[in-house]
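Structural description and commentary
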Amino acid sequence: MRLILGPDAPRPVTPDDLPDLYARPADAGDGPWVRACMISSLDGAATGPDGLSGGLNNEPDHAVFGALRGLADAVLVGAGTARDEGYGPADVPLVLISRQGEVPEGLRDADPGRVMMVVPASAAHLGEAEGILGPEHVWVLGEDEIDFAALRDRMAAQGWREVTCEGGPSTLGVLLGAGLIDEVAATVVPRLMAGEHPRMTAGPDVDVDLELMSLLDEDGTLLGRWRVRR
Ligand SMILES: NC(=O)c1ccc[n+]([C@@H]2O[C@H](COP(=O)([O-])OP(=O)(O)OC[C@H]3O[C@@H](n4cnc5c(N)ncnc54)[C@H](OP(=O)(O)O)[C@@H]3O)[C@@H](O)[C@H]2O)c1
C-alpha cells in the first residue's frame, strides 16, 4: 500500500501504520469522533454482485476496516446491515440503529452490553429488544424518530472518544443529515458494476462538504480519509 496524499507522502504504508494514519485528529474537540467506513465501486455501487458490500471488499479495504475497528470504542451500524451481513458480536460494543427494534438474529445471544440498540419510543419491538439485550442497553431516544443529538450526548456520556459507523447507506444518510459524522473513510475499488445498486448514502438530500486528509493506493484501490468541513 502506498500513501499518495497525506502526512509525509508519498511513502509505502503497512497495516501497522494504519492506526497512526487514521488517528483521531488533535483538534477534534470534545466528545466522540464519529467516522464512517464505506466502500464502493468506481461507478458508485455500494454492493457487489452478491447484493452485499462483501462482494466489493478486498484486502486493502479489510486492512483499513480492521484498523478502524481497532481504533473504535464502539461501532455504530444500521440494523439492516447487521441483518443482511449477518453481524455477530465484535470486540467493541455494537450500537444498532433501528426504527422497529427487532434485534438481528446473529446478535441475540451476545453477552450483556456487547450489543446496544437505539430506537424511538414508537419502536414496535421495543419490549422484545429490552428482553433480549437488557433494558439498560436499549436507548430510547425520541418519540417517533430517533433524536440523534441525544445519541451524540449519550455516546459522549459513555466516554467514547472514537466511534466507527459501518453504514449502511440509509443509516449513513440519516447520520450525515443529523451532523453526526465527522469523517468518511471511503474505499473505491477499481471495478464497474452498472445495474441497480445502492450508493454509499441513501435517504433525503444532504450536502456535506469534505476535505481530503489522506489517500492510499493499492493496485488501483483508492482508500481516502475525508473530514467533514464544519
Ligand atoms: N458499501 C458499503 O460500505 C456498505 C456498508 C454497509 C452496508 N452496505 C450494504 O447496504 C445494504 C443495506 O442497506 P440499508 O440502507 O438498508 O442499511 P442500514 O442503514 O444498515 O439499515 C437500514 C435500517 O436501519 C434502520 N434505520 C435507518 N434509518 C433510520 C432512522 N432514521 N431511524 C431509525 N432507524 C433507522 C432501520 O432499521 P429497522 O428496520 O430495524 O427499523 C432500517 O431498516 C446491504 O446490502 C449492505 O451489504 C454497504
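All of the points below concern the structure found in this document. Bear in mind the structure is a predicted one, so any value in this text is a computation, not a measurement.

**Some thoughts on the overall build of the protein chain**
A count of helices and strands for the protein chain gives six helices and eleven strands. The C-alpha radius of gyration of the protein chain comes to 17 Å, within 12% of the 17 Å expected for a compact globule of 230 residues. Its C-alpha atoms give the protein chain principal-axis dimensions of about 55 × 40 × 35 Å. For the protein chain, the proportion of its 230 residues judged to be buried stands at 47%. Once local pairs closer than 6 in sequence are excluded, the contacts in the protein chain between residues at least 24 apart make up 60%. Here the protein chain has roughly 10800 Å² of accessible surface; of this, 48% comes from carbon and sulfur atoms.

**Thoughts on a nonpolar patch on the surface**
On the surface, Ile4, Leu5, Leu212 and Leu222 cluster together into a nonpolar patch covering about 280 Å² of accessible area. Its place among the elements puts Ile4 in strand 1 (residues 2–5). On the basis of relative accessible area, Ile4 is assigned to the partly exposed category, the value being 34%.

**Looking at the pairing of strand 9 (residues 183–189)**
Most of strand 9 is tucked away, with six of its seven residues classed as buried. Of the pairings in the sheet, the one linking strand 3 (residues 33–41) to strand 9 comprises seven bridges and is parallel in character. When the sheet's bridge partners are listed, Ser40 is paired in strand 9 with Val188.

**Things to note about the site of the ligand**
Around the ligand lies a shell of 26 residues, among which Ile39, Thr81, Glu85, Ser98 and Ser170 are the nearest. Arg99 is positioned such that a nitrogen or oxygen atom in its backbone is 2.8 Å from an oxygen atom of the ligand. Within the complex, 86% of the 920 Å² of free accessible area of the ligand lies under protein. Elements supplying a minimum of two residues to the shell around the ligand: strand 3, helix 3 (79–84) and helix 6 (169–177). If one sorts the elements of the shell around the ligand by residue count, helix 3 sits on top with five residues. Its residues placed into classes, the shell around the ligand shows nine nonpolar, twelve polar and five charged.

**Focus: the sheet that holds strand 10 (residues 210–218)**
Pairing is mixed in the open sheet, where eleven strands are placed in the order 2-1-10-11-9-3-8-4-5-6-7. Both outer strands of the open sheet, strand 2 (11–12) and strand 7 (138–140), are each paired with one neighbouring strand and no more. Packing against the sheet, helix 4 (residues 126–133) makes contact with strand 6 (115–119) and strand 7, and its axis sits at approximately 145° to strand 7. Across the sheet, helix 6 lies against strand 3, strand 4 (74–78), strand 5 (94–97) and strand 8 (162–165), angled at about 135° from strand 3, the strand it touches most.

**Quick look at the pattern of salt bridges**
Taken as a whole and assessed by the stated rule, the structure comprises ten salt bridges. Between Arg35 and Glu183 there is a salt bridge; the shortest N-O distance is 3.2 Å. On the criterion of sequence distance, the pair formed by Arg35 in strand 3 and Glu183 in strand 9 is long-range, its members being 148 residues apart. Accessibility expressed as a relative area gives 0% for Arg35, which makes it buried. Taking the relative accessible area as the measure of exposure, Glu183 reaches 0% and is therefore buried. Between Arg230 and Asp182 there is a salt bridge; the shortest N-O distance is 2.7 Å. Of this pair, Arg230 sits in the segment after strand 11 (221–228) while Asp182 sits in the loop between helix 6 and strand 9; the two residues are 48 residues apart in sequence, bridging distant segments of the chain. Taken together, the shared-partner salt bridges in this structure form one network comprising Arg35, Glu162, Glu183 and Arg225.

**Some thoughts on helix 6**
Residues lying three or four places apart along an α-helix face the same way, a consequence of the helix completing one turn every 3.6 residues. Of the residues making up helix 6, those classed as buried are Thr171, Leu172, Gly173, Leu175 and Leu176. Tucked inside the fold, the buried residues of helix 6 contact strand 3, strand 4, strand 5, helix 5 (148–157) and strand 8. Residue Gly179 follows helix 6 closely and has a positive phi angle near 75°.

Analysis parameters
Residues numbered from 1 in each chain as written. Predicted model: local features only at pLDDT ≥ 70, side-chain atom pairs only at ≥ 80, totals over all residues. Heavy atoms only, no water. Helix = DSSP H or I, 4+ residues; strand = E, 2+ residues; numbered from the N terminus. Rg over C-alpha atoms; globule rule 2.2 N^0.38 Å. Buried < 20%, exposed > 50% of the residue type's maximum accessible area, 1.4 Å probe, protein only. Contact = heavy atoms within 4.5 Å. Areas by Shrake-Rupley, 256 points an atom, 1.4 Å probe, with all protein chains shown as cover. Patch = residues over 30% accessible without salt bridge, like charges linked within 9 Å, V, L, I, M, F, W, Y side chains within 5 Å. Salt bridge = Lys/Arg side-chain N within 4 Å of Asp/Glu carboxyl O. Pairing = 2+ DSSP bridges. Near = heavy atom within 4 Å. Polar contact = N/O pair within 3.5 Å; in protein donor to acceptor, adjacent residues only side chain to side chain. Nonpolar A, V, L, I, M, F, W, Y, C, P; charged D, E, K, R; others polar. Axes fitted to C-alpha atoms, helices over the stretch in contact; angles between N-to-C directions.

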